[in-house]
Amino acid sequence: MYLVAYDGSALANAALDRAARFASATGHDVLAVAVVPDDSKYAVEAGWVPSREVFDRQTVVGELHKTAVDIAPSASFRAVSVGRNPAPGNIVAELKAVASETDASVIFVGSENAGRVIVPLVSVGGNVASDDSHDVHIVRHASPEIHRRFPKSHFYLP
């Protein structure tokens, strides 16, 4: 099982695409995991909604699922909630729990800064990459094709 930390960003889209390509060559299954807090402020900061007033968790989850399936039709999708005001550690803990539960062999993470010598405290990718329980494939660049086909949060653009 390949697990993809999925938030709909260009790098997460690239990570999902990469996992799907690897899976087709190796025969593994792919699971995209979206950790979606019940927090309108977080949703705005993630670019999922334009304002706190329009936040609806189910709509966000539905749109992330739709985009994930567009990128990797054979992938499974799971949304996990961490409540309000999530710390990056809570998000990482949820990802690690799903990885352990599914016996994931590789976690794919789209991150510009994971694995650098200095990892920002808010880096989910960096915190996942620092755990040696699973192999981690870090995607640092999204191809122009991914940017064109799946812009981040395209479902909330006017």
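Sequence positions are assigned chain by chain, starting from 1 and proceeding in written order. Reporting in this predicted model follows two pLDDT cut-offs: at least 70 for local features of residues, and 80 or more for side-chain atom pairs to be given and counted; totals over whole chains, interfaces and linings ignore these cut-offs and use all residues. Only heavy atoms go into the side-chain values, all of them from the structure, while hydrogens and water stay out.

**A look at the environment of Pro-73**
Looking at the element boundaries, Pro-73 is found in the loop between helix H3 (57-71) and strand S3 (76-80). A sequence separation of 53 residues divides Pro-73 from Ala-20, and the C-alpha atoms of the two residues are 8.8 Å apart. Here a helix means four or more residues in a row that DSSP labels H or I, a strand means two or more in a row labelled E, and each is numbered from the N terminus.

**Notes on helix H1 (residues 10-26)**
Over its 17 residues, H1 extends 24 Å from the first C-alpha to the last, a length consistent with the 24 Å expected when each residue adds 1.5 Å. The buried label goes to any residue with under 20% of its type's maximum accessible area, the exposed label to any with over 50%, and the partly exposed label to all in between, with areas taken from a 1.4 Å probe on protein chains only. Those residues of H1 lying buried are Ala-10, Leu-11, Ala-12, Asn-13, Ala-14, Ala-15, Leu-16, Asp-17, Ala-19, Ala-20 and Ala-23. Just beyond H1, the residue with positive phi is Gly-27, at close to 80°. For a helix, the expected span equals 1.5 Å multiplied by the residue count minus one.

**A look at the pattern of salt bridges**
In the sections that follow, a salt bridge refers to a side-chain nitrogen of Lys or Arg positioned within 4 Å of a carboxyl oxygen of Asp or Glu. According to the stated counting rule, one finds four salt bridges in the structure shown. Arg-21 is paired through a salt bridge with Asp-17; the nearest N and O atoms lie 2.8 Å apart. One end of the pair, Arg-21, and the other, Asp-17, are both in helix H1, four residues apart, so they sit about a helical turn from each other. Judged by relative accessible area, which is 54%, Arg-21 ranks as exposed. On the basis of relative accessibility, which here comes to 14%, the residue Asp-17 falls in the buried class.

**What about the side chain of Ser-40?**
Tracing the backbone shows Ser-40 in helix H2 (residues 40-45). Setting aside chain neighbours within four positions, we find Ser-40 in contact with Arg-52 and Phe-55. By the convention used here, residues are in contact when the closest approach between their heavy atoms is within 4.5 Å.

**Here we look at the nonpolar core**
Counting 29 residues, the largest nonpolar core has Tyr-6, Leu-16, Val-30, Leu-64 and Phe-77 as the members making the most contacts within it. Looking at this core, the elements that each hand over two or more residues are strand S1 (2-5), H1, strand S2 (30-35), H3 and strand S4 (106-110). Examining the composition of this core, we find that seven residues originate from one element, H1, more than from any other. We define a nonpolar core as any set of buried Ala, Val, Leu, Ile, Met, Phe, Trp, Tyr and Cys residues linked to one another through side-chain atoms lying within 4.5 Å. In terms of nonpolar packing, the next biggest core, distinct from the first, is built from 14 residues, Ile-91, Leu-95, Ile-107 and Val-109 among them.

**Regarding the environment of Ala-20**
In this structure, Ala-20 sits in helix H1. The sequence separation of Ala-20 and Tyr-2 amounts to 18 residues, and the corresponding C-alpha distance is 8.5 Å. When neighbours within four sequence positions are excluded, Ala-20 is seen to be in contact with Val-30 and Ala-72.

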